[in-house]
Amino acid sequence: MSNLHEECGVFGIFSTETQDVASTTYYGLFALQHRGQESCGIVVNDRGLFNYQKDVGLLNDVFNQLNLKSLGTGQIAVGHCRYGTTGKTDRVNVQPIVVNHFKGRIALAHNGNLVNAFELRRKFESDGHIFHMTIDSEVITHAIIQERLNSDSIEEAVNRTMDYLEGAYSLVIMSPQKLIAVRDPKGFRPLCYGKRDDNTYIVASESCALDAVGAKFIRDVEPGEIIVFSKNGIRSIKDHCHTKKRTACIFEFLYFARPDSVIDGVSVHQARVQAGKILAEAHPVDADIVVGVPDSGLDAALGYSLQSKIPYGMGFIKNKYIGRTFIAPGQKNREDKVRIKLNVIADSIKGKRVVLVDDSIVRGTTITRIVKLLRNAGAKEIHVRSSAPPFTDPCYYGTDVDTKDKLIACQHPIDEIAGVIGADSVGYLPVDELYRIIGTEPRKGYCCSCFTGFYPTRVPTGEKNRFEMKISSTEKDEESEKKDKDSRPYIDYIRD
């Protein structure tokens, strides 16, 4: 069983007027729920008073009308939805992280993974810093606070911190008077901002969240850029822009992002349709129907159909109340969810030669069960097509691939995988054709390390489970008992 890495959603709102920023943040996070389904949190800033609520669970589990109202009104807020990371999935690791410091309190939400988190944490600990969480996001917080001691402003501290952070980080940071958006110099993870008609500014991981709260997209945050929203207006700091080669994660376009989002000027929907067309060119087959695995396989299936002229059909009904199996923590949990997540529309499948298009084949567990569903529904032939290349290497920047142990493409030759998963044939998107889905030059402007093993940074240093805290069975029992007694999200007030 491989451990999981981080792939989260961040959201921020800034206004000079008092309003219901908590509800806006809630709706924005709802649009980003696909990016993280294990925990969530919101911090509201009302003239320097930080009021926050966060816990393990989906937004609907953590928030309701009563506790949203208890957050009160304010001028600034940050939100986060998280999925399993370098730390355990429990309440202590839920973001945003709130820190009270004599140079000013901050709240921070992070999407990404640092590759030098272990060595930074070890340095801070040797200097006397005390850590309470098991995630690398807390390392970023300590770094910013450390730099704030010798800086005139929070944005200057953030700018200094970027000098030695390595890896993927898109950040939304709130101080008592400012909202700050930060994107790492390589632009691994997406981040954008927009504006509503009431002069309220919104920052979010994806443009779909701007749409959800009625904001008009302005632009993406540039790789290496810091954008400061304050009562004095908007200020951009570009000291770290163009200092590194851009390497946006290609898997954002293949799987992570919602199809109605636009990232760095590229429509996610169109990128996936293009991936399907390339698949049809590279792996043609005689078939009667093309079906996609909901949801992120549907666009690629449409592209395969358009290019191959094979009719596109609806093959599955998805239970929309089940989380995404790819990011469900734990292998058995994934397998259990597949059983109730999809049901085949038998009339569309029975007696037909089926092209089954999925966004990726990682471990092989999910696709094996889906192929079996189609067999049981009477499919004559099943030809699996993946709109991602084979996963062959770990990813250190936020994709759910950290070892080769469970990767099907590392355990079996490609020509044997069809037999392993029960299909008649298997075809992957050629890695050398990836650039075509986003219209850039070959191997320029994006990261595809998990498909090639060529990394745009050094690989992480330190232990595999570098931040894990050892908890005795007695402590675990006490912790579980305490949570049972009070499973409510907590609220904390921090005053000037």
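For the structure itself, look to the data block above.
Residues numbered from 1 in each chain as written. Predicted model: local features only at pLDDT ≥ 70, side-chain atom pairs only at ≥ 80, totals over all residues. Heavy atoms only, no water.

Overview of the environment of Q75
So, point 1. Structurally, Q75 is set in strand β4 (residues 74-82).
So, point 2. Between the C-alpha atom of Q75 and that of T16, which follows or precedes it by 59 residues, the distance is 6.0 Å.
So, point 3. Residues in contact with Q75, not counting those within four places in the same chain, are I13, F14, S15, T16, E17, T18, V21, N45, D46 and R47.
So, point 4. Within the local environment of Q75, its side chain forms a polar contact with the side chain of T18, the two groups lying 2.8 Å apart. (Helix = DSSP H or I, 4+ residues; strand = E, 2+ residues; numbered from the N terminus. Contact = heavy atoms within 4.5 Å. Polar contact = N/O pair within 3.5 Å; in protein donor to acceptor, adjacent residues only side chain to side chain.)

What to know about empty space enclosed by the protein
Gaps left between atoms are located by rolling a probe of water-molecule size over the structure's atoms.
So, point 1. In total, this model carries three cavities of 30 Å³ or more according to the counting rule given.
So, point 2. Approximately 50 Å³ is the volume found for the largest cavity.
So, point 3. What lines the largest cavity is F188, R189, C249, I250, F251, C395, Y397, T399, C447, C448, S449 and C450.
So, point 4. Among the residues making up the lining of the largest cavity, the classes are represented as nine nonpolar, two polar and one charged. (1 Å grid on protein atoms, 1.4 Å probe; cavity = no way out; pocket = protein on both sides within 12 Å on 5 of 7 lines; lining within 4 Å. Points joined across faces, edges and corners; volume = space filled by probe spheres on them. Nonpolar A, V, L, I, M, F, W, Y, C, P; charged D, E, K, R; others polar.)

What to know about helix α15 (residues 414-421)
So, point 1. What α15 keeps buried is the set I417, A418 and I421. Taken down its axis, α15 places every buried residue within 100 degrees of arc, on the same side. The outward face of α15, more than 90 degrees from its buried face, is lined by the exposed residues D415 and G419.
So, point 2. Count one or two residues on from α15 and you reach G422, which has phi positive near 85 degrees. (Buried < 20%, exposed > 50% of the residue type's maximum accessible area, 1.4 Å probe, protein only. Arc of directions from axis to C-beta.)

Notes on the sheet that holds strand β20 (residues 353-358)
So, point 1. Strand order in the open sheet formed by four strands is β17-β20-β21-β22, with parallel pairing between adjacent strands. The two strands at the open ends of the sheet, each matched to only one other strand, are β17 (289-292) and β22 (425-428). Each neighbouring strand pair of the sheet contributes to a mean axis angle of 20 degrees, computed without reference to strand direction.
So, point 2. Sheet analysis places β20 next to strand β21 (residues 381-386), joined by six bridges and oriented parallel. In the sheet register, L356 faces β21, and the bridge partner there is V384.
So, point 3. Of the strands in this sheet, β21 and β22 are in contact with α15, which crosses β22 at around 130 degrees. (Pairing = 2+ DSSP bridges. Axes fitted to C-alpha atoms, helices over the stretch in contact; angles between N-to-C directions.)

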